[in-house]
Amino acid sequence: MTLSNKKVSSILIGGKAGEGVKKAAQVIAKVLLKQSYHVFQADDYQSLIKGGHNFSTISFATEPVYNAYNSADLLISFDKRSMETHWLDFSSSKSLHYYNDNDAKPDITNPPCTLIGYPLTALMKQIYSSPSNVSMAAIALFFVWMECSEAELESTIKQEFRYGIEDNIRFAKAVYRMALADAHLISESKPGLQANQAQANWRLTSGNQAIAMGAWLAGLDFYYGYPMTPASSILHYLALKMPSHKVYAIHAESELAVANMAIGSVVAGAKTAIGSSGGGFALMQEAFSLAGMAEIPLLCILVSRPGPATGVSTYTAQEDLPFALNQGHGDFTRIVAAPDSPERAFSLAAELLSLAWEFQNPVILLSDKHLSESSINAVFPLDVPFFQQTIPQQNKPYERYAVTDEGISPLLFPGSDFVDEDTVIKWNSHEHLPSGLRTDKAEPMIGMKDKRARKGSALNEATKHYQRIAIYGNSGTPVFAYGSSVLELREAQKYCSKPFVIIALVYLLPFPSEELEQYANSQIVVLEHSVNGNLATYLLQNMSLCIKHNILRYDGRAYDPHELAALLEEVL
Amino acid sequence: MRELGTHKENTWCSGCGNFGILTAVKKAITALVEDNIKLSNIAITCGIGCHGKIFDYLALSGIYGLHGRGTATAQGLKLANPKLHVISFGGDGDSLGEGLEHTLFAAKRNMDITLILFNNGTYGLTTGQFSPLSNNGYKGLSTPLGNIERPFRAIPLLLEAGASFVARGYSAKIDHLASLIQQAVLHKGFSLIEVMQPCVSYNNTYADLNNRVKMLEITPNEITQSVKLAADPEHVYLGIFYRQLLPVYHEELYQNANPVLDSLSHQQRLELLSK
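Residues numbered from 1 in each chain as written. Chains lettered and ligands numbered in written order. Predicted model: local features only at pLDDT ≥ 70, side-chain atom pairs only at ≥ 80, totals over all residues. Heavy atoms only, no water.

## Notes on the overall build of chain B
Then comes step 1: Scanning chain B from terminus to terminus reveals eleven helices and ten strands.
Then comes step 2: By the compact-globule yardstick of 19 Å for 275 residues, chain B fits well, its C-alpha radius of gyration being 19 Å.
Then comes step 3: Looking at chain B as a whole, 59% of its 275 residues are labelled buried.
Then comes step 4: In chain B, once contacts between residues fewer than 6 apart in sequence are set aside, the share between residues at least 24 apart is 69%.
Then comes step 5: Taken as a whole, chain B presents about 11100 Å² of accessible surface, with 51% of it coming from carbon and sulfur. (Helix = DSSP H or I, 4+ residues; strand = E, 2+ residues; numbered from the N terminus. Rg over C-alpha atoms; globule rule 2.2 N^0.38 Å. Buried < 20%, exposed > 50% of the residue type's maximum accessible area, 1.4 Å probe, protein only. Contact = heavy atoms within 4.5 Å. Areas by Shrake-Rupley, 256 points an atom, 1.4 Å probe, with all protein chains shown as cover.)

## Things to note about the overall build of chain A
Then comes step 1: The secondary structure content of chain A amounts to 20 helices and 21 strands.
Then comes step 2: By the compact-globule yardstick of 25 Å for 572 residues, chain A fits well, its C-alpha radius of gyration being 26 Å.
Then comes step 3: Principal-axis analysis of the C-alpha atoms places the extent of chain A at approximately 85 × 55 × 45 Å.
Then comes step 4: Counting all 572 residues of chain A, 62% fall into the buried class.
Then comes step 5: Restricting the contact set of chain A to residue pairs at least 6 apart, pairs at least 24 apart contribute 73%.
Then comes step 6: In chain A, 45 positive and 58 negative side-chain charges are present, and the distance between their average locations comes to 4 Å. (Lys, Arg positive; Asp, Glu negative; His and termini not counted. Charge placed at Lys NZ, Arg CZ, Asp CG, Glu CD.)

## What to know about the side chain of A:Ser277
All names here are of chain A.
Then comes step 1: Relative to the elements of secondary structure, serine 277 occurs in the loop between β10 (272-276) and α11 (278-283).
Then comes step 2: In terms of polar contacts, serine 277 uses its side chain to reach the backbone carbonyl oxygen of valine 303, at 2.6 Å.
Then comes step 3: Setting aside chain neighbours within four positions, we find serine 277 in contact with Met228, Thr229, Pro230, Ala231, Leu302, Val303, Ser304 and Arg305. (Polar contact = N/O pair within 3.5 Å; in protein donor to acceptor, adjacent residues only side chain to side chain.)

## Some remarks on the pairing of strand β2 (residues 61-64) of chain B
Then comes step 1: Relative to β2(B), strand β15 (residues 426-428) of chain A is paired through three bridges, and the arrangement is parallel. Bridged to A:Trp427 within β2(B) is B:Ile63.
Then comes step 2: Bridge analysis of strand β1 (residues 42-46) of chain B against β2(B) gives four bridges, and the strand direction is parallel. Its bridge partner being in β2(B), B:Ile44 is matched across the sheet by B:Gly62. (Pairing = 2+ DSSP bridges.)

## Quick word on the packing of aromatic side chains
Then comes step 1: This model, assessed by the stated rule, comprises 20 aromatic pairs over all chains.
Then comes step 2: Summarising the aromatic geometry, the rings of A:Phe60 and A:Trp145 are spaced 6.3 Å apart at their centres and angled 85° between planes, so their arrangement reads as edge-to-face. Taken together, the residues A:Phe60 in strand β3 (residues 51-61) and A:Trp145 in helix α4 (residues 135-145) connect sequence positions 85 residues apart.
Then comes step 3: Judged by its relative accessible area of 0%, A:Phe60 falls in the buried class.
Then comes step 4: One aromatic cluster is present, built from ring pairs that chain together A:Phe222, A:Tyr224, A:Tyr248 and B:Tyr254.
Then comes step 5: Lying over the aromatic face of A:Trp427, A:Arg400 brings its terminal NZ or CZ to 4.1 Å of the ring centre.
Then comes step 6: When the ring centre of B:Tyr249 is taken as origin, the NZ or CZ atom of B:Arg109, which lies over that ring, is 5.9 Å away. (Phe/Tyr/Trp six-rings, centres within 6.5 Å; stacked < 30°, edge-to-face > 60°. Lys NZ or Arg CZ within 6 Å of the ring centre and 35° of its normal.)

## What about the interface of chain A and chain B?
Then comes step 1: Chain A puts 59 residues into the contact, and the matching count from chain B is 53 residues.
Then comes step 2: The largest per-residue losses of area from chain A upon contact with chain B belong to A:Glu253, A:Glu421 and A:Arg438, which jointly make up 14% of the total buried on that side.
Then comes step 3: Counting every contact that joins chain A to chain B gives four salt bridges.
Then comes step 4: Notably, a salt bridge pairs A:Asp422 with B:Arg2, separated by 4.0 Å at the nearest N-O pair.
Then comes step 5: If you look at where chain A meets chain B, you find 28 residue pairs in polar contact (both at pLDDT 80 or more).
Then comes step 6: The set of elements that each furnish at least two residues to the side of chain A that touches chain B consists of α8 (207-217), β8 (222-225), α9 (232-245), β9 (248-251), α10 (255-267), α12 (285-294) and β15 of chain A.
Then comes step 7: By residue number, the principal contributor to the side of chain A that touches chain B is α10(A), which donates eight residues. (Buried area = accessible area lost by both parts, 1.4 Å probe. Salt bridge = Lys/Arg side-chain N within 4 Å of Asp/Glu carboxyl O.)

## Re a nonpolar patch on the surface
Then comes step 1: Taken together, the side chains of A:Val531, A:Leu552 and A:Tyr554 define a hydrophobic patch exposed on the protein surface, amounting to about 290 Å² of accessible area.
Then comes step 2: Positionally, A:Leu552 belongs in strand β21 (residues 546-552). (Patch = residues over 30% accessible without salt bridge, like charges linked within 9 Å, V, L, I, M, F, W, Y side chains within 5 Å.)

## A short note on the domain arrangement of chain A
Residues and elements named next belong to chain A.
Then comes step 1: The domain boundaries assigned to chain A delineate domain 1 (3-189), domain 2 (203-378) and domain 3 (469-571).
Then comes step 2: Listed as interface residues are 13 residues of domain 1 and, on the opposing side, 13 residues of domain 3.
Then comes step 3: If you sort the residues of domain 1 by the area they bury against domain 3, Tyr66, Asn67 and Tyr69 come out on top, with a joint share of 58%.
Then comes step 4: Connecting domain 1 to domain 3 are one salt bridge.
Then comes step 5: We note a salt bridge from glutamate 63 to lysine 494, for which the minimum N-O separation is 3.5 Å.
Then comes step 6: Where domain 1 meets domain 3, there are nine residue pairs in polar contact (both at pLDDT 80 or more).
Then comes step 7: A class-by-class count of the residues in the side of domain 1 that touches domain 3 yields seven nonpolar, three polar and three charged. (Domains from an automatic or database assignment. Nonpolar A, V, L, I, M, F, W, Y, C, P; charged D, E, K, R; others polar.)

## Regarding the sheet that holds strand β16 (residues 469-472) of chain A
Residue and element names in this part refer to chain A.
Then comes step 1: Within the open sheet, the five strands sit side by side as β16-β18-β17-β20-β21. Their pairing is mixed. A single partner strand is all that each edge strand has here, and the edge strands are β16 and β21. Pairs of neighbouring strands in the sheet enclose a mean axial angle of 25°, with direction left out of account.
Then comes step 2: Direction of pairing for β16 relative to strand β18 (residues 500-505): antiparallel, over a ladder of four bridges. Bridge pairing in β18 links isoleucine 471 to isoleucine 503. (Axes fitted to C-alpha atoms, helices over the stretch in contact; angles between N-to-C directions.)

## Quick word on the confidence of the model for chain A
Then comes step 1: Mean pLDDT over chain A works out to 95, with 97% of the residues at or above the 70 mark.
Then comes step 2: Segment residues 1-5 of chain A is flagged for pLDDT under 50; beyond a separation of four residues in sequence, or across chains, it makes 16 contacts in the model. (pLDDT = per-residue confidence, 0-100.)

## Let's talk about the pairing of β9(A)
Then comes step 1: As defined by bridge partners, β8(A) adjoins β9(A) across four bridges and the pair is classed as parallel. Its bridge partner being in β9(A), A:Tyr224 is matched across the sheet by A:Ile250.

In structure tokens, the structure reads:
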């Protein structure tokens, strides 16, 4: 089967943790992207460092691909476990499954698709003097399958790998030549497709990378984090960007330190973000309230995984919606928004950071593992807001919490060039007077609470300037979702015989009532990755709807597009 | 120089050791201004407890933070704008209980900030429960039969964690304390001043301290000697126990840059991203 009569082609690579499955997938995705294919790369991995079973999939097409596929046209197994696990994950009988015949001994008398084994382990023993790298085999086999040249294979490896280059190239070439000799066996499975015009602006980007770069474009100076999957890659990515992008990524001693150090940096005038998954975010609660009270602009990134507690570390979920909506104790305005694509992750991070600064309020960007850790060919929308600090008119004496009509007080920072010796800038976690000094008196307490409430109303109103919901599709039953569920629906939309319109909630809080009014009293379907139906409950709390079906998935995995399309056909 | 106090009504108990500390801080700041440090480049942080009220009594910029987190917010301030001289006030329950991790890590990083630790051996503001520095046997509302734990020793603990300037003062020896604070702020690296301070309501140690305090004659060269003197069972030594110049965190991170003052413009960011 070729791509010309099939919309999307998929590759699956499986092996042990530590064998470079994800790296091979990344390299392959980059090669496809260079050839102007749209790609979607997803990584399924366990919370362990060596052994176990990891696999990555790369789906690609000449049109946008929004989600990963469970069945593949090209499968590459580094070991027996992968061979057995993915034995039936072929997309058709013409699919091709390469395996390591030093390890796996499949039933080749009755194969479900084309099977070809190569002695990868023996070959590596022969070639490598340095530590071996079986992931080279995946890249080489992909190059044969895609009919790319040996020279391109060599230059790709040189570009993408830093260590053991010579042995890697020798091994990759040996596998390449072996597979090329069998090219007649695989002709039917080859994708054989002409790609589009080159798209210069594309970059292979994960949701987390997009969040990081969007916030950075909006002025991010500091990111504080403590490792917790699936938020860690924001910390890692920004740490790499530190020298070139003048952004400082700090791994602190705990999430409590993360949130409080971040608040310190904001007090000194730095645009700052923090991030974690549910467990770590829970530890930041008190500081989140401090940000509400002290009017600290802070971008807080919550990347969900299955919970509660430690839950399932490396898989996806959307069960933190009520948690995100109710962050922190006490009365103050919360903003929660969830990107529905990596591009939106970029623009939303910038938008939210700017809103935080304009209104001196903490904001939450809610993502999930599937959106944050999957990669696509993204084009960053660069026309995002940038909050430019203006120097307040000095009505002496300066008051950090000066009461204004809109509730927004002028900002100044100690140590800035605009602060004179007489200016005192006091931020406070206690209820306070306009000067920032603590108070427990009734009247100023009411004044300050009213000020923050006015500011909160203005902030809620300001979100209307942004795209708070996104609609995909023209007609049919509305299907409501947020986060990576929107990606699942968009890919399933390609295959579902019954039409449906995807209503993606980008802003969850404030609830986008105005935009959703057109769906009042409609019969809808809701898709979410939780057992309790949190999104459905939240929708019903805010508007009148008839929920025909609430699709709930809570096994940590994303839907395969065909599987979801079939499910939607049943419930629509 | 302008007034360093505020109009805020002081609510410490009459006779509280905090008054001595407040006076010493003001004296130290005045001396620092004479050393050409600008008031606009000084920032203060604190946690929650009786010590924290000093924030309201000082006309200096900063943040009155959360219980235990004053050292964390102080580090964030310093990292964002290294031009700032950051002084963090902490109580014994605050800095060595709720926020112990931040105190140890600030020392470990040799973060260039000063921690003034108000050691009154009790939780004053929450009505006298035992603190991490309370003596064994201390009786409070939560330990009516006596504290069954033994106290931390702040100076050995912080020395082990990596503090590069460690001193001890006494709230009743104001000029000495002021001089310690001044030197601590000028020290490049993490500086700790443990201030022995009676709590007149719950742990009145005036008589005991007056009997036992003794000035250190010299700053020991050997850290083992510092630890020995700090933990001396008989005398409460006052003075500088340890002083060493070591690399500081912000310079290891970004050398002479200033993240806030050198923050890239929107245009610079756009250009870098379009590359």
